[in-house]
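These are the residues of each chain, in order.
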Amino acid sequence: MAILTQKDEDLLALLRLNAREPVASLARKLKLSRTTVQDRIRRLEEQGVIAGYSVRLASPVDKASIRAYVTIAVEARRLVEVGRALSKLAQIEALHSVAGKFDLVALARTSSAEDMDRMLDVVGLIPGVTRTESAIILSTKIDRR
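What counts as what
Residues numbered from 1 in each chain as written. Predicted model: local features only at pLDDT ≥ 70, side-chain atom pairs only at ≥ 80, totals over all residues. Heavy atoms only, no water. Pairing = 2+ DSSP bridges. Helix = DSSP H or I, 4+ residues; strand = E, 2+ residues; numbered from the N terminus. Axes fitted to C-alpha atoms, helices over the stretch in contact; angles between N-to-C directions. Parallel < 35°, antiparallel > 145°, perpendicular 65-115°, else oblique. Left-handed = near helix turned anticlockwise from the far one by under 90°. Contact = heavy atoms within 4.5 Å. Nonpolar A, V, L, I, M, F, W, Y, C, P; charged D, E, K, R; others polar. Expected span 1.5 Å × (residues − 1). Buried < 20%, exposed > 50% of the residue type's maximum accessible area, 1.4 Å probe, protein only.

Enquirer: Whenever I open this one, the sheet that holds strand β3 (residues 104–110) confuses me. Can you help?
Expert: Paired through their backbone hydrogen bonds, the strands of a sheet run either parallel or antiparallel. Spatially, 4 strands are ordered β2-β3-β1-β4 in an open sheet, and the strand pairing comes out antiparallel. The sheet is open, and its two borders are formed by β2 (92–97) and β4 (129–136), each paired with just one other strand. Recorded for the sheet is a direction-independent mean angle of 20° between the axes of neighbouring strands. Judged from the 5 bridges that link them, β2 and β3 form a sheet pairing that is antiparallel. Opposite L95, over in β3, you have A106 as the bridge partner.

Enquirer: I keep staring at the packing of helix α1 (residues 6–17) against helix α2 (residues 23–30) and nothing clicks. Help me out?
Expert: Two packed helices can be described by the angle between their axes and the distance between those axes. Between α1 and α2, whose axes approach to 11 Å, the crossing angle comes to 130°. In this view, α1 runs oblique relative to α2, as classed from their interaxial angle. For the element pair α1 and α2, the recorded crossing hand is right-handed. Residues K7, D10, L11, L14 and L15 of α1 pack against L26, K29 and L30 of α2. Across the contact of α1 with α2, the residue classes tally to 5 nonpolar, no polar and 3 charged.

Enquirer: Honestly, the packing of α1 against helix α3 (residues 34–46) in this entry has me stumped. Any pointers?
Expert: The contact between α1 and α3 brings their axes to 11 Å, and the two run at 85°. If you check the angle between α1 and α3, you find them roughly perpendicular. Residues K7, D8, L11, L12 and L15 of α1 touch α3, and the partners they reach there are V37, R40, I41, R43 and L44. Split by residue class, the contact of α1 with α3 holds 6 nonpolar, no polar and 4 charged.

Enquirer: Would you mind going over α3 with me for this structure?
Expert: Along an α-helix, residues three or four positions apart point the same way, because every turn accommodates 3.6 residues. For α3, which comprises 13 residues, the first-to-last C-alpha distance of 18 Å matches the rise-based estimate of 18 Å (1.5 Å per residue) to within 8%. The secondary structure elements touched by the buried residues of α3 are α1 and α2. Immediately downstream of α3, the backbone of G48 shows phi near 80°, a positive value.

Enquirer: Looking at this structure, how should I read the pairing of strand β1 (residues 66–74)?
Expert: On any regular strand, side chains alternate: one points to one face of the sheet, the next to the other face. The buried fraction of β1 is high, at 7 of 9 residues. Of the pairings in the sheet, the one linking β1 to β3 comprises 7 bridges and is antiparallel in character. Across the sheet, residue R67 finds its bridge partner in β3, namely R109. Bridging between β1 and β4 involves 7 bridges; their strand directions are antiparallel. Considered in β4, the bridge of A73 is made with R131.

Shown next, in the form of structure tokens:
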């Protein structure tokens, strides 16, 4: 496991806000040299602390879609099979195993309410799924990803 310094934590916080920020700008904000920041980024990538970079959709594009948290109850011993089936659905952005009355929580995104309804029907028909509940996301109050 990597040991992170306060400067590493500060660098990661800046990268979470904008992973495409130029190294020179990051260096100024951190009061470090550009070379030091480049070396820290490379080390964090090699240690697996930074696993990759992703795309965050612009607000108008993001707001045009429907997102929902879908809680899923699964028959005993069918969790792996259900997880595999869910991973094949492009609308599922994230899938989490959880403790409680449900076994899985999925974050789903579709382009319309009708598409969400169809996708939820597909999830409900997966062998091993016993029950689902959905919570449509109305707005995001905080997003620190």
